[in-house]
Amino acid sequence: MGKLEGKVAFITGAAQGQGRSHAITLAREGADIIAVDICAQLESVAYTMGTAEGLEETVREVEKLDRRIFAARADTRDAAQLRTAFEEGVAAVGPVDIVLANAGIGAGGAPVGEDQEWDEVVGVNLKGVWNTGRVAIPSMIERGKGGAIVLTSSTGGLIGAGIATAGYLGYTAAKHGVVGLMRSWANYLAPHYIRVNSVAPTTVRTPMSGDGAIMDIVKDIPELAGALTNAIPVPFVEPEDVSNAILYLVSDDARYITGTVLPVDAGSYNRR
């Protein structure tokens, strides 16, 4: 029997990268999944975002593990759209015990104006996280059986990289905001036995980082290269490394851990 047998997890940004890895890891431990993704390309994002085909692949991978999964397209910035997906998912696979506010975008790079770049990165990386919580939390409180929430921040949510562009400033501000939101929810939800934590990965080998190639791309940008350099001499971690940390945080192994940030960063934050 897996560590999450009988649990249902609500995961945003599930069409690729960390989100797909989280869905597979939790399903392997017995969880059923509600998976959402925007499945569309934002103009400020230079890399290829999740697609409908990618979300279907996540469904196939979870079903191979003999777990149930409901998948829907939803923009986390749109609370009404996200709530509809959540409620349809609950109707399909059951009430939610675990929430992973994973959906996020990188710091731009596409030729758009500063206001659009800022609005999109902050909208997805902070408002989207808030919307994920406010859609799911009321049902968890009403159910009265506790639960676990993990918000995906970043080492960029713990330090200031010193990159004065709208995208990087917005990314850093949003990821710091995620940590503040996590700490506030942790205190609010503790009496309900709902634990709230955050993970703070370094560069992860996903499409957002060019599958890790970002280290080659930024080697001539000292401020950014320095911000992405790890103490353990690896250029990136794998999505599964983050998923395994999340599995710990949402399982009973971490039943008294709440209000914390767990860096999955090969020592990146410590070397500052």
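The present account deals with the structure reproduced in this document. (Residues numbered from 1 in each chain as written. Predicted model: local features only at pLDDT ≥ 70, side-chain atom pairs only at ≥ 80, totals over all residues. Heavy atoms only, no water.)

Note on placement: T203 falls in the loop between strand 6 (194-201) and helix 6 (214-217). When its relative accessible area of 8% is taken as the criterion, T203 is described as buried. Linking T203 and E238, residues 35 residues apart in sequence, is a C-alpha distance of 8.7 Å. (Helix = DSSP H or I, 4+ residues; strand = E, 2+ residues; numbered from the N terminus. Buried < 20%, exposed > 50% of the residue type's maximum accessible area, 1.4 Å probe, protein only.)

Here the focus is helix 4 (residues 114-143). Three- or four-residue spacings in an α-helix give side chains the same orientation, since the helix completes a turn every 3.6 residues. Here helix 4 contains 30 residues, and its C-alpha end-to-end distance of 43 Å stays within 8% of the 44 Å for a straight helix at 1.5 Å per residue. Residue G123 marks the point of greatest curvature in helix 4, where the axis turns by about 40 degrees. Looking one or two places after helix 4, you find G144, whose phi comes out positive at around 75 degrees. (Expected span 1.5 Å × (residues − 1). Bend = angle between axes of the 7 residues up to and from the residue.)

This paragraph deals with the packing of aromatic side chains. All chains considered together, the criterion is met by one aromatic pair. Between F10 and F86 the ring centres are 5.0 Å apart and the planes differ by 70 degrees, which places this aromatic pair in the edge-to-face class. One end of the pair, F10, is in strand 1 (residues 8-12); the other, F86, is in helix 3 (residues 79-93), with 76 residues separating them in the sequence. Comparing F10 with F86, the two get one shared label, buried. The ring of W130 carries R134 above its face, with NZ or CZ at 3.8 Å from the centroid. (Phe/Tyr/Trp six-rings, centres within 6.5 Å; stacked < 30°, edge-to-face > 60°. Lys NZ or Arg CZ within 6 Å of the ring centre and 35° of its normal.)

This part is about unusual backbone geometry. Trans peptide bonds make up the majority, and among non-glycine residues the majority have a negative phi. Positive phi is not limited to glycine here, since C39 has a value of about 50 degrees. Mapped onto the elements of the fold, C39 is located in the loop between strand 2 (32-37) and helix 2 (52-64). Exposure remark for C39: the relative accessible area of 8% places this residue in the buried category. Of note, the phi angle at D66 is positive, near 65 degrees, even though the residue is not glycine.

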